[in-house]
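Analysis of the macromolecular model
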Amino acid sequence: MPIQTEARRGLLAGAVCAVGLLPFSAFAQSGDTIKIGVIGEESAVAGASITKAAVMAADEINANGGVNGRKIEIITYDNHSSAADAVRAFQRAVSQDKVVAVIGSYISEVVLAIEPWSARLHMPFITPGAASNLISKAVHDDYDHYKYTFHGWLTSAFIAQAVCDYTKDEFVGLRHMTTAVVMSEDAAWTKPLDEAYLECLPKIGLKVLDHIRFNPDTSDFTPIFHQIEDAHPDVIVTGISHVGVQPTVQWHDQQVPIPMIGQSSQATTSTFWKDTNGASEGVITDTAAAPGVALTPTTVPFVTEYEKKFGVTPSYTGYATFDMVHVIAEAIERAGGATDPDKLVTALEATDHLGTMGRIQFYGRDNQFTHAMKYGPGLVTTIAIQWQDGKQICVWPHDKANGEITFPSFIKLHASAN
Amino acid sequence: MRAVQILVDGFAISSLYGLAAVGFTLIFGVSGVLNLAHGGIMVVAALVGWAAAAEFGFGTYAGTGLGILAGLATAYATYLIVVRPIQRSRAIRPEETEIFVLTGTLLWGIMIQVGMAYLFSDNPVTIRPLVAGVVNILGVRTPANEILIAVIAWSLIGLLWLLVNRTRTGKALLGASMNPRGVTLLGYELTRIYFVAWTIYGLLAGIAGVLLASFLGVSTANTGQLTASAFSIVVLGGLGSVSGSLIAAYVVGYLETMTAYLVAPTLRPIPSLILLVLVIYVRPQGLLGRR
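Everything quoted here is computed from the prediction, not taken from an experiment. For every chain, the first residue of the written sequence is number 1, and numbering continues from 1 along that sequence. Following the order in which they are written, the chains are lettered starting with A and the ligands numbered starting with 1. Confidence filtering applies because this is a predicted model: local features only for residues at pLDDT of at least 70, side-chain atom pairs given and counted only at 80 or more, and all residues used for totals across whole chains, interfaces and linings.

Note on conventions: DSSP H or I runs of at least 4 residues are helices, E runs of at least 2 residues are strands, and numbering of each starts at the N terminus. Across its full length, chain A holds 15 helices and 14 strands. With the radius of gyration taken over C-alpha atoms, the globule rule is written as 2.2 Å times the number of residues to the power 0.38. Computed over the C-alpha atoms, the radius of gyration of chain A is 22 Å, within 12% of the 22 Å expected from 2.2 N^0.38 for a compact globule of 418 residues. Along the three orthogonal principal directions, the C-alpha set of chain A runs to about 75 × 55 × 40 Å. Counting other C-beta atoms within 10 Å of a residue's own tells you its class, since 20 or more makes it buried, 12 or fewer makes it exposed, and anything in between is partly exposed; those C-beta atoms are placed from the backbone. A burial count over chain A gives 54% of its 418 residues as buried. Our contact criterion uses C-beta atoms placed from the backbone: two residues qualify when those atoms are within 7 Å. Sequence-distant contacts in chain A: of pairs separated by 6 or more residues, those separated by 24 or more amount to 69%.

Moving on to the interface of chain B and chain A. With 24 residues of chain B at the contact, the number on the chain A side is 22 residues. Of the residues forming the side of chain B that touches chain A, the biggest block, 3 residues, is contributed by helix H1 (residues 2–31) of chain B. Here the residues of the side of chain B that touches chain A are counted per class, giving 12 nonpolar, 8 polar and 4 charged. Ten residue types, Ala, Val, Leu, Ile, Met, Phe, Trp, Tyr, Cys and Pro, are classed as nonpolar, four, Asp, Glu, Lys and Arg, as charged, and the remainder, Gly among them, as polar.

Glancing now at unusual backbone geometry. Residues and elements named next belong to chain A. The omega angle of the peptide bond from Trp396 to Pro397 is -5°, so this bond is cis rather than trans. Of note, Pro397 is situated in the loop between strand S14 (391–396) and helix H15 (414–417). Look at His232: it is not a glycine, yet its phi comes out positive at around 50°. Secondary-structure assignment places His232 in the loop between helix H9 (222–230) and strand S8 (235–240). By C-beta crowding, His232 is classed as exposed, having 11 other C-beta atoms within 10 Å. One non-glycine residue, Gln255, lies in the positive phi region at around 50°. For Gln255, the location among the structural elements is in the loop between helix H10 (245–253) and strand S9 (260–264).

Here we come to the sheet that holds strand S1 (residues 33–40) of chain A. Residues and elements named next belong to chain A. In space, the 5 strands of this open sheet follow the order S2-S1-S3-S4-S5, with parallel pairing throughout. Edge positions in the sheet fall to strand S2 (71–78) and strand S5 (149–151), since each of these pairs with one other strand and no more. Shown here is a sheet whose adjacent strand axes are inclined to one another by a mean of 20°, direction ignored. Whether two strands pair comes down to DSSP finding at least two bridges between them. Summarising the sheet, S1 and strand S3 (residues 101–104) pair through 4 bridges and their orientation is parallel. Across the sheet, Ile39 pairs through a bridge with Gly104, a residue of S3. Orientation is described by lines fitted to C-alpha atoms, with helices fitted over the stretch in contact, and by angles between N-to-C directions that extend from 0 to 180 degrees. Packing against the sheet, helix H4 (residues 108–120) makes contact with S3, strand S4 (125–127) and S5, and its axis sits at approximately 165° to S4.

Here we come to the sheet that holds S8(A). Residues and elements named next belong to chain A. The 4 strands are arranged S7-S6-S8-S9 in an open sheet whose pairing can be described as parallel. The open sheet terminates on both sides in strands that have one partner only, identified here as strand S7 (207–214) and S9. Within the sheet, the average angular offset between the axes of one strand and its neighbour, ignoring direction, is 15°. Most of the contacts of helix H8 (residues 190–204) go to strand S6 (residues 179–185), to which it runs at about 175°, and overall it touches S6, S7 and S8. In the packing of H9 onto the sheet, contacts are made with S6, S7 and S8, and the angle to S7 comes to roughly 170°.

This next bit is on the pairing of S2(A). Residues and elements named next belong to chain A. Taken together, the 8 bridges between S1 and S2 define a ladder with parallel strand orientation. Across the sheet, residue Gly40 finds its bridge partner in S2, namely Asp78. Crossovers are marked right-handed if the path from the first strand over the helix to the second runs clockwise, as seen with the strands pointing away from the viewer. Following the chain from S1 across helix H2 (residues 49–63) to the adjacent parallel S2, one finds a crossover that is right-handed.

This next bit is on the nonpolar core. Buried Ala, Val, Leu, Ile, Met, Phe, Trp, Tyr and Cys residues whose C-beta atoms connect them within 7 Å together make up a nonpolar core. If you look at the biggest cluster of nonpolar residues, it comprises 126 residues, and the most contacted ones within it are A:Ile36, A:Ala54, A:Val102, A:Val237, A:Val325 and A:Ile328. The greatest single-element share of this core, amounting to 11 residues, is contributed by helix H13 (residues 316–334) of chain A. Residue assignment places this core across two domains, with domain 1 (31–153 + 297–360) and domain 2 (157–287 + 382–417) of chain A each supplying three or more. Beyond its immediate chain neighbours, meaning those up to four positions away, A:Val237 contacts A:Val163, A:Ala180, A:Val182, A:Tyr197, A:Leu201, A:Ile261 and A:Gly262. Core analysis: the next-biggest nonpolar cluster, separate from the first, contains 86 residues, B:Ala20, B:Ile41, B:Trp50 and B:Val218 among them. Note that the domain bounds were set by an automatic or database domain assignment.

Function cannot be read off these values alone, since they describe shape.
This is the structure in structure tokens:
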């Protein structure tokens with residue numbers, strides 16, 4: 001009876017901890033620190049930035065006097081990219097560590113598993129990196145129940161929109177491309193992403209010749225690249241996050257002559273350059289921000305400090321997490337220091353924060369993406385970066401760009417050659 | 001065109017499968033050990049090779065060499081820490097030794113996987129290709145590294161053949177696989193023979209690991225899959241038969257490549273697993289097996 005044993009062990013551990021925590025909880029009630037739980041994916045390329053950036057944000061807030069004089073304390077958990085571990089961490093954060101809000105995970109499957117617990121336990125929860133449209137759809141469809149969940153990163157629909165926006169300017173407009181193949185990993189976040197790609201790519205003038213969804217366990221991408229080449233597209237539009245190293249290295253080693261653009265989440269951090277031994281040269285992805293690109297006054301100081309501290313640049317989840325800790329702190333301030341879940345949700349809904357990614361606001365109850373981060377000019381628009389010689393060069397939008405698109409010699413630009 | 005692609009791509013991956021499986025079948029033949037930590041040994045070689053080359057700045061060649069040595073060290077550790085104590089244990093009945101070795105190496109493999117994931121995470125890593133660039137083979141753009149891998153694999157298999165058939169040590173190995181008691185009566189020490197077999201095995205598994213890392217990339221999550229593919233190849237070829245394993249490596253490699261090209265990349269491993277089940281039903285001794 002393993003379940004019973006585990007439950008008994010859990011009870012016992014709970015009892016021991018409860019006794020141990022007695023003096024602390026009394027202390028906490030007197031209003032000392034504000035605890036925020038942060039659940040990250042420490043061993044994933046994109047998810048490893050979450051806890052690091054959260055601690056940096058808390059340090060900054062505390063150095064500036066805290067929230068109404070109270071300090072923020074970040075309690076971190078590693079979910080090992082597992083939904084079960086993440087739910088356990090969430091429960092522990094609520095019942096044992098007494099946090100007032102939780103920031104967690106870049107994996108849609110994990111966030112969708114936590115979301116009902118955020119509803120049941122009335123615990124404000126923000127994801128700084130998952131994308132599935134279903135996260136905010138649940139809030140929209142059953143607001144009273146799910147209102148505790150916020151989406152602190154773009155939904156898949158907006159990621160596809162951002163990719164189509166830069167593809168239109170850079171590849172259809174400037175390089176006269178006419179055809180594309182969509183290549184995405186099979187995951188919760190890419191279902192709405194691919195739907196949106198298939199809708200918006202033809203609208204901007206790119207005919208989709210083939211649509212390939214592959215298993216994230218795939219290790220040999222050779223047949224997939226051959227299949228793509230047989231369709232003779234001008235460009236490959238990707239939707240990859242769980243995978244990244246293998247398709248990128250094989251694209252490079254096999255000298256697949258077609259540019260790879262789209263959303264490649266792992267390529268948003270410099271860890272990826274090291275992991276691919278530089279094979280990411282020429283890869284273009286959508287991301288939150290990049291080193292040296294002053295989207296707002298806080299972007300560059302944050303990246304510089306992060307890189308100094310950890311030796312790598314943050315992935316897109318790093319920027320989002322840093323901003324979301326500030327968003328929570330400001331909401332508590334707006335609520336007059338109250339950390340009551342319902343008051344905090346109301347305060348979070350009034351968010352208007354100039355963060356590292358841009359100006360952050362959440363959609364309201366009437367929008368289909370309730371509590372998702374707003375996308376658009378003057379808000380968060382994301383940028384397109386290209387890996388060039390070990391650096392992330394911002395290539396879009398033009399008013400933010402610090403370089404031009406250039407490809408490795410094995411890339412043959414079909415349309416421009418014609 | 002498609003046929004040439006399948007021929008070229010299938011050849012490289014099959015050669016690598018063959019290289020990894022030959023050592024696996026050798027230690028089974030010589031000492032009756034089915035090493036289920038096999039994938040773990042390949043993964044250690046790949047990860048250490050990657051870390052040495054990229055993280056610690058040893059460069060591709062020295063890094064690859066260190067990776068192979070790490071694979072060899074892990075093979076020795078497998079033998080000395082797990083296999084030998086079980087084989088020598090008086091508490092385990094002789095007829096049950098094999099099943100204990102099987103269980104012991106399985107658990108050891110999981111320990112390696114978890115330990116490596118802790119140290120290196122479960123992200124795939126790649127070692128820079130030993131040679132860069134591509135070569136055009138009958139219209140198929142093939143990375144030069146892929147050709148080099150096939151050449152290295154076959155050179156090593158050739159060397160192994162020479163060693164087994166042309167040297168005294170090799171003949172002792174062959175003898176031990178046929179009749180261990182007979183070999184000891186001729187004055188050979190079985191422990192020494194086992195040690196030679198594990199050395200060859202460790203080197204081959206280590207080399208296969210680093211080559212795979214430079215070809216497709218390796219992650220700790222692949223450990224089980226690598227063991228399973230070597231295991232299926234060896235069962236298909238006939239347990240203990242080196243040439244059977246080589247043939248089976250090509251059967252599995254080409255079956256997988258054909259499935260990936262002609263059916264769907266996601267279904268890649270399925271047909272060879274079905275074939276394995278059929279072989280177990282129809283011809284349990286495998287293609288060229290003696291047992």
